[in-house]
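Results of the structural survey
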Amino acid sequence: MQRLAEIEVPAEELTAARAGDAQARAALFTRVAPGTLAIIRRLVRHTAMADDLLQDTLIAMFEHLDEFRGEAPFGIWVRSIAVSRCLMAFRSPWHRARVALESWTEDARAASESDGRTSDLIDLDRALARLSPVTRSVVWLYDVEGWSHEEIARAFERTVSFSKSQLARGHARLRTELHAPLPAISIPLGSEFDGH
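So, a few notes on the structure that sits alongside this text. Every chain's residues receive numbers from 1 upward, in the order its sequence appears when written. Side-chain atom pairs in this predicted model are given and counted only at pLDDT of 80 or more, local residue features only at pLDDT of at least 70, and totals for whole chains, interfaces and linings cover all residues. Remark: hydrogens and water are excluded; side-chain values derive from all non-hydrogen atoms of the structure.

Right, let's get into the packing of helix 7 (residues 133-144) against helix 9 (residues 160-179). Between helix 7 and helix 9, the shortest axis-to-axis distance is 8 Å and the interhelical angle comes to 95°. What the angle tells us is that helix 7 and helix 9 run roughly perpendicular. Facing Val-134, Thr-135, Val-138, Val-139, Tyr-142 and Asp-143 of helix 7, the residues of helix 9 in contact are Phe-162, Ser-163, Gln-166, Leu-167, Gly-170, His-171 and Leu-174. Axis lines are fitted to C-alpha atoms, over the contacting stretch for helices. Their N-to-C directions set the angle, which ranges from 0 to 180 degrees. A run of H or I in DSSP counts as a helix once it spans at least four residues, and a run of E counts as a strand once it spans at least two, with each numbered from the N terminus. Here roughly perpendicular refers to angles of 65 to 115 degrees, roughly parallel to angles under 35, roughly antiparallel to angles over 145, and oblique to all remaining angles. When checking whether two residues touch, look at their non-hydrogen atoms; a contact exists if any pair is within 4.5 Å.

Below, the structure written as structure tokens:
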């Protein structure tokens, strides 16, 4: 799968898509949908919500094709639409309520399950999932997508110091999560395991 930042669209295909040509629009969809869904899923961590946001992003992309000026690769333009849609969703009171409920149920589930970590990637993915949506987005955009603090600040309509503080908090939380010792297992006295 090609990263969104690397996707460029031939001028004739873009012209045809702007004119409403179904084949050109299908080709655009095929080019950008996988990478767009990947970044949205990383940011929102909820499959159904990610699917909805992908649909919103692609509808907005087609509605605003005439606004693409070609100053950057097409994929970067689509990525900015996707990130903007995710940030709008994070601001929704429905989203905040759902995140609070999922966090509560995730904590309860984690407490009842044994720790089955099998690789560093799984550990990192779990640690990222425990970050707040805003902090996770800042960490992902900065560390993985390569956005600058200025770009992140503009996307969130905040200051550069907001981006830097969210990144620092996110990194600190990830370090704590990834380097936390495994919980001790206590064996009650008088059980079959203590030899009595």
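Let us keep going from here.
Further remarks concern the side chain of Thr-135. In this structure, Thr-135 sits in helix 7. Partly exposed residues are those whose accessible area sits between 20% and 50% of the maximum for their type, while under 20% is buried and over 50% is exposed, using a 1.4 Å probe and protein chains only. Given the relative accessible area of 8%, Thr-135 is considered buried. In contact with Thr-135, other than residues within four places in its own chain, are Gln-166 and Gly-170.

Here we take up the nonpolar core. In this structure, Ile-39, Ile-40, Met-61 and Phe-74 are the most contacted members of the largest nonpolar core, which totals 47 residues. When contributions to this core are tallied by element, the ones reaching two or more residues are helix 1 (11-18), helix 2 (22-44), helix 3 (47-63), helix 4 (74-91), helix 6 (120-130), helix 7, helix 8 (149-156) and helix 9. At 10 residues, helix 4 tops the list of elements feeding residues into this core. In contact with Ile-40, other than residues within four places in its own chain, are Arg-45, Ala-50, Leu-53, Leu-54, Thr-57, Ala-82 and Cys-86. Here, the term nonpolar core denotes a set of buried Ala, Val, Leu, Ile, Met, Phe, Trp, Tyr and Cys residues that are joined through side-chain atoms within 4.5 Å.

Turning our eyes to something else, we now look at the side chain of Gln-166. Positionally, Gln-166 belongs in helix 9. We classify Gln-166 as buried; its relative accessible area is 9%. Leaving out residues up to four positions away in the same chain, Gln-166 has contacts with Val-134, Thr-135 and Val-138.

Where helix 2 contacts helix 7, the two axes come as close as 8 Å, and the packing angle between them is 140°. In terms of orientation, helix 2 and helix 7 fall into the oblique class. Contacts from Ile-39, Arg-42, Leu-43 and Val-44 in helix 2 reach Arg-136, Ser-137, Trp-140 and Leu-141 in helix 7. Each residue belonging to the contact of helix 2 with helix 7 can be placed in one class, and the counts come to 5 nonpolar, 1 polar and 2 charged. Charged means Asp, Glu, Lys or Arg here, nonpolar means Ala, Val, Leu, Ile, Met, Phe, Trp, Tyr, Cys or Pro, and polar covers whatever is left, Gly included.

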